[in-house]
Amino acid sequence: MSLVEDLLADHAGLDPHAVAHLQLLLRDWQILADLSFADLLLFVHNARAPAQLVAPEQLIRPADRDQRRSRTRAAPAYLCVGQMRPYTAQTIYVEDLVGQTFPAGDRPMVGRAFNERRVIRDADPDWSTGVPVREEAIPVRFRDGLIAVVTREANVSTARSPSQLELTYLQSAGELAQMLADGTFPYESSHPVEEHELSPRVGDGIIRVDAKGAVIYASPNAISAYRRLGSLDNVIGQHLADFDPLPDTLLEALTDGEPVETEVERDGAVVLRRVLPLIREGQVIAGLLIVRDATELRRHERALRVKDATIREIHHRVKNNLQTVASLLRLQGRRLRSDEARQALAESVRRISSIAFVHETLSEESRQRVSFGKIAGRIVEMLGDGLLNPDIPVEMSLHGEPGDLPAEIATPLALVLTELLQNSVEHAFPYDNPVRPWNAKETGHVRVRFERAPTTLRVLVTDDGVGLPEETLETMANLGLQIARTLVESELGGTFETLPPETRLGPHESALSGATFELVIPMP
Ligand SMILES: Nc1ncnc2c1ncn2[C@@H]1O[C@H](COP(=O)(O)OP(=O)(O)OP(=O)(O)O)[C@@H](O)[C@H]1O
Ligand SMILES: [Mg+2]
């Protein structure tokens, strides 16, 4: 649950539908901040009043601060649950106010908006911060009730005689604010915007059209975007259908009073258009078309997809090549007379195959990470298939989740696991070994456990076979354990150890009675 959800559910005493409405607002109100050149704050009644959340004095505008001092300190009445800064102007609040509570006296206009159920405007700018700030408090209507108040606070010191762009912004902002009070903004849209971060913003380019779709104003960026789509004339005064290649959905949005966002492509140029119908007393009075040239963006995306496909193709080829090498060795092994040599080649085939698994998995997924559980499963399967002695069945089991690992870790780890499992199969259950015979239990067991912590992966491989010879790892190791150790210690920067039989491995588990290997690998 996000902080805001938490605040709304816990402290505001609002029902879930009202909370959902405010969340829609929080998703869509950037546009109101940008059009207003103003900071927005969202206030709700503070149902629960934890004292420690009272806004510190320095966050209150000085004028309000004086009022606050002159009052007896009441329980904080309002809770700030949202804050939005404009991209189009400098912010007034450097601090984050979400989660702060305010006594009624600190925010008189919020109280008036709640009580009078209408938009409250400052008559004169407030100079208490040294810059003139104009505040407006807008009640947020949901169904028949008022659930919150939004304040718009703009620094008006830069107000020269405003350009047409600014006038269009401010007019549209005023209309959106009124819609907030009427309950028609945020839009209860039936189709949510999919790529919200790509959504066009006010600064990308804006066109204001009348209710029929004739252009009243177009910002320079919007005109450039349409230039790229091939409309060379001045769009002002024209109808949307005259210059937009696919105007139907846009015009439908105006008729239905529902916002839409669509993309149009022409001559290699891609433009996103978002239409916001402005509604007054149930009628669409105008429309805002926010336009973003997304050509570059889409080109990048396409390039990334091609790159991604190439990488997967390469993994696929590497896998094929490794499989070819493995079959060459297998063929060669069939011609050999010596058992030992055949054995050696068979082991190499398994080593190579375990690397091929990693590449195969990488070729199937677009992320450069693989589910190692899947790979471990395939290694176990492969070793089961090539079991040396059918007289002693060996049961291998996997426990725990290794999670997704990057290829750099998965490849060496797959090799290490192959070595350890191969060793268990080969050495733990020696039915015909006169020196250390295995006391003929029915079935041998090998257990692999993965324990994933935030910064490490612990892997335990344990069996109930004859156990390791009384030697140190260094003296005991032939090629197999040497490979395993080198990979773990050098390549993966981890530790590789043997544990005595029956060591406690965790709260519910001990090592089996045979050999146990423990590796701990740091995770990036
Ligand atoms: N699970 C096990 N149970 C009993 N003994 C083991 C086990 N794992 C390893 N060993 C002992 O450790 C020795 C070294 O293993 P290592 O994998 O290094 O070489 P190897 O299996 O003999 O040959 P290769 O190089 O082909 O793997 C083995 O010969 C065996 O005696
Ligand atoms: Mg071995």
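For the structure, see preceding data.
Residues numbered from 1 in each chain as written. Chains lettered and ligands numbered in written order. Predicted model: local features only at pLDDT ≥ 70, side-chain atom pairs only at ≥ 80, totals over all residues. Heavy atoms only, no water.

(A) Structural context of unusual backbone geometry. Of note, the amide linkage connecting F185 to P186 takes the cis form, showing an omega dihedral of 0°. Tracing the sequence through the fold places P186 in the loop between α6 (164-182) and β7 (206-210). Its identity is not glycine, yet D267 carries a phi of approximately 50°, on the positive side. Locating D267 in the fold gives a position in the loop between β9 (260-266) and β10 (269-280). Despite not being glycine, E502 shows a phi value in the positive range, around 60°. By the secondary structure assignment, E502 is in the loop between β17 (495-499) and β18 (504-506). (Helix = DSSP H or I, 4+ residues; strand = E, 2+ residues; numbered from the N terminus.)

(B) A look at the sheet that holds strand β16 (residues 456-463). Pairing is mixed in the open sheet, where 5 strands are placed in the order β13-β15-β16-β20-β17. Lying at the two open borders of the sheet, with one neighbouring strand each, are β13 (394-399) and β17. When strand polarity is set aside, the average angle formed by the axes of neighbouring strands in this sheet is 15°. By the bridge criterion, 7 bridges tie strand β15 (residues 444-452) to β16 in an arrangement that is antiparallel. The residue of β16 that forms the bridge with E451 is R458. Across the sheet, helix α15 (residues 479-491) touches β17 and β20 (516-522), and the angle it forms with β17 is around 130°. (Pairing = 2+ DSSP bridges. Axes fitted to C-alpha atoms, helices over the stretch in contact; angles between N-to-C directions. Contact = heavy atoms within 4.5 Å.)

(C) Just helix α2 (residues 16-28), in detail. Between the first and last C-alpha of α2 there are 18 Å, a value that for 13 residues agrees with the 18 Å anticipated at 1.5 Å per step. Here α2 has its buried residues at A18, V19, H21, L22, L24, L25, L26 and D28. Where α2 starts, the residue carrying a side-chain oxygen 2.7 Å from the main-chain nitrogen of H17 turns out to be D15. (Expected span 1.5 Å × (residues − 1). Buried < 20%, exposed > 50% of the residue type's maximum accessible area, 1.4 Å probe, protein only. Polar contact = N/O pair within 3.5 Å; in protein donor to acceptor, adjacent residues only side chain to side chain.)

(D) Representation of the nonpolar core within the structure. Ranked by internal contacts, the top residues of the largest apolar core, which has 68 residues, are L22, L25, L35, L42, V140, L176 and I207. Here this core gets 7 residues from one element, more than from any other, and that element is α6. Those residues in contact with L35 that lie beyond four places of it in its chain are Y169, L170, S172, A173, L176, V202, I206 and L288. F372, I409, F450 and L457 belong to the second-largest nonpolar core, a separate cluster that totals 48 residues. (Core = buried A, V, L, I, M, F, W, Y, C linked by side-chain atoms within 4.5 Å.)

(E) Broad picture of the packing of aromatic side chains. Considering all chains together, one arrives at 7 aromatic pairs under this definition. When the ring of F185 is compared with that of Y187, the centres are 5.7 Å apart and the planes differ by 90°; the resulting orientation is edge-to-face. The exposure class assigned to Y187 is buried, which follows from its relative accessible area of 4%. When the centroid spacing of 5.8 Å and the interplanar angle of 35° are considered together, the rings of F496 and F517 count as tilted. Within this pair, whereas F496 is found in strand β17, its partner F517 is found in strand β20, the two being separated by 21 residues in sequence. For the pair formed by F496 and F517, the shared burial category is buried. The positively charged end of R107 is found above the aromatic ring belonging to F102, 5.6 Å away from the centroid. (Phe/Tyr/Trp six-rings, centres within 6.5 Å; stacked < 30°, edge-to-face > 60°. Lys NZ or Arg CZ within 6 Å of the ring centre and 35° of its normal.)

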